[in-house]
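In case you want the letters, here they are:
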Amino acid sequence: GPPDLPKIVRPRGKAVEHLGKRMLVPAPLEVDALMKKVRKGRVMTVGRLREKLAALHDADSTCALTTGIFVGIAARAAQEAEEAGRKRITPWWRTVKARGELNPKFPGGMQEQARRLRAEGHTITQCGKRWFVAGLR
């Protein structure tokens, strides 16, 4: 991964109000490692993932932008590994957006994430163009 990550940055100005004095920019492997810990039948929001990362580094918050990018990279890397025949991959489909929303940017889009979540016992509901894991609102 990038040699300078993870790192703590100090937000300035108004950003301090919602990011705090210490914001973590996580390392990609840390994001992947937490995604790997989500057990079958469970899901974790990116927000919860960011809270866990911040706690690990005694930070007030975790950068939403880089975390989101690394979640997407972990998902695509896992999909490539699966296509190459690997059996144990990061269960990327168990990482969801706020309120349990599925991620259209994941491999195969929301349809593939929904298929995998349903196979693990989740109910998926649609609200307009958005899809959610039922019971996480």
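Criteria and cut-off values
- Residues numbered from 1 in each chain as written.
- Predicted model: local features only at pLDDT ≥ 70, side-chain atom pairs only at ≥ 80, totals over all residues.
- Heavy atoms only, no water.
- Helix = DSSP H or I, 4+ residues; strand = E, 2+ residues; numbered from the N terminus.
- Rg over C-alpha atoms; globule rule 2.2 N^0.38 Å.
- Buried < 20%, exposed > 50% of the residue type's maximum accessible area, 1.4 Å probe, protein only.
- Contact = heavy atoms within 4.5 Å.
- Areas by Shrake-Rupley, 256 points an atom, 1.4 Å probe, with all protein chains shown as cover.
- Lys, Arg positive; Asp, Glu negative; His and termini not counted.
- Charge placed at Lys NZ, Arg CZ, Asp CG, Glu CD.
- Phe/Tyr/Trp six-rings, centres within 6.5 Å; stacked < 30°, edge-to-face > 60°.
- Salt bridge = Lys/Arg side-chain N within 4 Å of Asp/Glu carboxyl O.
- Core = buried A, V, L, I, M, F, W, Y, C linked by side-chain atoms within 4.5 Å.

Draft legend 1. Structural context of the overall build of the chain. When its secondary structure is counted, the chain shows 5 helices and 7 strands. In sequence order, the secondary structure elements of the chain are arranged as β-α-β-α-β-α-β-α-β-α-β-β. In terms of C-alpha radius of gyration, the chain reaches 16 Å, essentially the compact-globule figure of 14 Å for 137 residues. Seen through its C-alpha atoms, the chain measures out along the principal axes to roughly 45 × 35 × 20 Å. For the chain, the proportion of its 137 residues judged to be buried stands at 45%. Of all intrachain contacts in the chain linking residues separated by at least 6 positions in sequence, the fraction that spans at least 24 positions is 52%. When the accessible area of the chain is evaluated, it comes to approximately 8300 Å², of which 53% is carbon and sulfur surface. Considering the chain, the positive charge centre built from 28 side chains and the negative charge centre built from 13 side chains are found 4 Å apart.

Draft legend 2. Molecular detail of the packing of aromatic side chains. Counted under the stated rule, the structure contains 2 aromatic pairs. The interplanar angle of 85° and the centroid separation of 5.6 Å between the aromatic rings of W92 and W93 together place this pair among those described as edge-to-face. In this structure W92 comes out as buried when scored by relative accessible area, which is 0%. Arranged with centres 5.3 Å apart and planes meeting at 75°, the rings of W92 and F106 form a pair that is edge-to-face. Here F106 lies in the loop between β5 (95-96) and α5 (109-119) and W92 lies in the loop between α4 (64-83) and β5, a separation of 14 residues in the sequence. With respect to class, W92 is no different from F106; both count as buried. By way of ring pairs, the aromatic residues W92, W93 and F106 are connected into one cluster.

Draft legend 3. Layout of the pattern of salt bridges. Per the stated rule, a full pass over the model turns up 9 salt bridges. Two residues, K7 and D4, come together in a salt bridge whose shortest N-O distance is 3.8 Å. The partly exposed category is assigned to K7, whose relative accessible area is 35%. Residue classification places D4 among the partly exposed positions, given a relative accessible area of 45%. Note that R116 and E82 form a salt bridge whose closest N and O atoms lie 2.5 Å from each other. Here R116 is found in helix α5, whereas its partner E82 is found in helix α4, with 34 residues between them in sequence. For R116, a relative accessible area of 10% corresponds to the buried category.

Draft legend 4. The arrangement of the nonpolar core in detail. By size, the foremost hydrophobic cluster in this structure holds 34 residues, and its most contacted members are V31, M35, L49, W92, L102, L117 and I124. Of all elements in the fold, only β2 (23-25), α2 (28-36), α3 (46-56), α4, α5 and β7 (130-133) reach the threshold of two or more residues within this core. Per-element accounting of this core gives the leading share, 6 residues, to α4. The contacts of L117, once residues within four sequence positions are left out, are V43, W93, R94, V96, L102, H122, I124 and V133.

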